[in-house]
Amino acid sequence: MLRARLRLLRRLGSRRGTLLFALLWFGSWVFLNGLVLVQRRLLSDYCTDDKSRRILRRLCLDFSEGSVTGDMCEDLCVLGQVEYRRCLYYENGKKVMEARWRGTRVILKSKLENFTSYEPLGILDYQDVGEELSPLDMVFYATLEVRNSLGLAEDEGEEGEEGEEEEGGGGANSSLARLWGKTLKKRGRSYTRAELASLWSLLQQEEYTFLRVLQDLSSHVAKVLGSCGHFYAVEYLSAGRAWDQNIFSLEEVVVPTGGGATGRSSREAAYHIALSFLDLVWHFEHDFTHRLHLCDVKPENFAIRKDLTVVAIDVDMAFFEPKMRDILEQNCSSDDDCNFFDCSSSCDLNRRRCSPGRRNSNLQAICEKIFRPWFSPTLLGAKAGLPLQVELQRTVQECSETEGGAEEVTGGGGGASGTDGVHQRLVSILTRLLQEGGASGEGGASPEPGSQAHTSLNF
């Protein structure tokens, strides 16, 4: 009887061992195959010079076949005036490269790798090959696509605007899409199929549409310099760095040791940059038909020009008011469910829906994410105890804690309460700090002179 039990235990142990071995083998197989798939995915999305050059060669092949065009194509594909330098970013088809265009550093971008990946303009399928689309037709289709991309409904105040002149870069009643449409309509001749197809591929890229429409209205967005097919070039600017004490590289704007009086110290430059940030905030919240919300505020998403103008260079998370309200109005069980990166609202527990109005503001996000660490006592050192510095630190702290969303911010003539009041106090303190340092005390950097002139093929 004892021997029978021992034989049974041996058999059970053997079966358990076999089962354990089989499970271990299967688990190892799954792990190794998963590792191979991850490696393949990483390698496929990895920035390589060979892949980048192949993409540009394919673009030039499309140009030679007459499928695409643009004011950069001939320089890139025929004259050799566009020199590829390096790949900066590549993920899910989005390609970002550094290049030199006629000796000037630029950034080449496209949301998708191949021109054929973009949806074609449907009207071209119903046209004869030799038939062209009139500028008025192109204005109609482009305006609709811009509105759709930026989340802008047709403005109620557009009727009767046909003969009006837009002054000062877009007032409260101007339509961004219509304004750019007027630029397209100035063209004297019709658009070719290659021009239409190229423009349509560009309009399907939200960042291009945003930058191209706003650059004629604001000095605080990166400039689009040209395009070829679905690729477009923007000005090269050095992005901010969270780990840098000055946030931005100031080598070209500060006074070196023993330098002259025409430059600035790093601290004076910081005050100028901070004033430009405040100018950006005011401009984005008051000077367009709809308030513009920044939902990803960090140093890496901003840059400065040589005149210290702050520029938004990554606008994938920037939304006008109508689109912002659609994003925020979601189901919720608490306020935590109503946070969309740096944009937040409150949860209505009765309806279980987030409020469509933003609870915080661009100013609050910039004070919290940029100004507070930038003007902290630790970085200011011995100067941290000076009266104006203390006032600046207290106001920045108050700013980062002051909630003031879309409903609270009034137009240009609002009172000095809430975010508007904090904004005015910050401008006053920074201006006085500049005056104490012997600087001019002007409220921020002026727009860069000589903005890029656009040709008919530079959409």
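Residues numbered from 1 in each chain as written. Predicted model: local features only at pLDDT ≥ 70, side-chain atom pairs only at ≥ 80, totals over all residues. Heavy atoms only, no water.

Participant: Honestly, the side chain of D75 in this entry has me stumped. Any pointers?
Facilitator: Positionally, D75 belongs in helix α3 (residues 73-77). A polar atom in the side chain of D75 sits 2.8 Å from the side chain of R102. Residues contacting D75, with those up to four places away along its chain left out, are G80, Q81, V82, W101 and R102. (Helix = DSSP H or I, 4+ residues; strand = E, 2+ residues; numbered from the N terminus. Polar contact = N/O pair within 3.5 Å; in protein donor to acceptor, adjacent residues only side chain to side chain. Contact = heavy atoms within 4.5 Å.)

Participant: Hey, could you run me through the confidence of the model for the chain in this one?
Facilitator: Parts of the prediction with low pLDDT should not have their coordinates interpreted in detail. Residues at a pLDDT of 70 or more form 68% of the chain, whose mean pLDDT is 79. Taken element by element, the predicted model of the chain shows its lowest mean pLDDT in helix α1 (residues 2-44) (53) and its highest in α3 (98). Between residues 35-44, whose pLDDT stays under 50, and residues either more than four places distant or in other chains, the model counts 3 contacts. In the predicted structure, residues 155-174 sits below a pLDDT of 50 and forms 30 contacts with residues beyond four places in sequence or in another chain. (pLDDT = per-residue confidence, 0-100.)

Participant: Explain the pattern of salt bridges to me, please; I cannot follow it from the model alone.
Facilitator: Side-chain pairing between opposite charges can occur once the charged atoms of the two side chains come close. Under the definition given, this model contains 18 salt bridges. The residue K111 makes a salt bridge to E206 at a minimum N-O spacing of 2.8 Å. Taken together, the residues span a long stretch of sequence, with K111 in the loop between β3 (104-110) and α4 (135-150) and E206 in helix α7 (residues 206-214) at a distance of 95 residues. With relative accessibility at 35%, the residue K111 sits in the partly exposed group. Note on E206: relative accessible area 36%, which makes it partly exposed. What emerges from the salt-bridge pattern is a single network uniting R86, E98 and R105. (Salt bridge = Lys/Arg side-chain N within 4 Å of Asp/Glu carboxyl O. Buried < 20%, exposed > 50% of the residue type's maximum accessible area, 1.4 Å probe, protein only.)

Participant: Before we go on, may I ask you to explain unusual backbone geometry in this structure?
Facilitator: When glycine is set aside, most residues are seen to have a negative phi, and most peptide bonds are trans. In this model, I247 sits at a positive phi of 65°, which is unusual for a non-glycine residue. Along the chain, the position of I247 falls in the loop between β5 (231-235) and α8 (266-286). Here L308, not a glycine, exhibits a phi torsion of approximately 75°, which is positive. Structurally, L308 is set in the loop between β7 (302-304) and β8 (310-312).

Participant: Would you explain the environment of L278 in this entry?
Facilitator: By the element assignment, L278 lies in helix α8. For L278, a relative accessible area of 1% puts it in the buried group. For L278 and L426, which are 148 residues apart along the polypeptide, the C-alpha to C-alpha distance reads 8.2 Å. Beyond its immediate stretch of four places on either side in the chain, L278 contacts L363, F371, H423, L426, V427 and L430.

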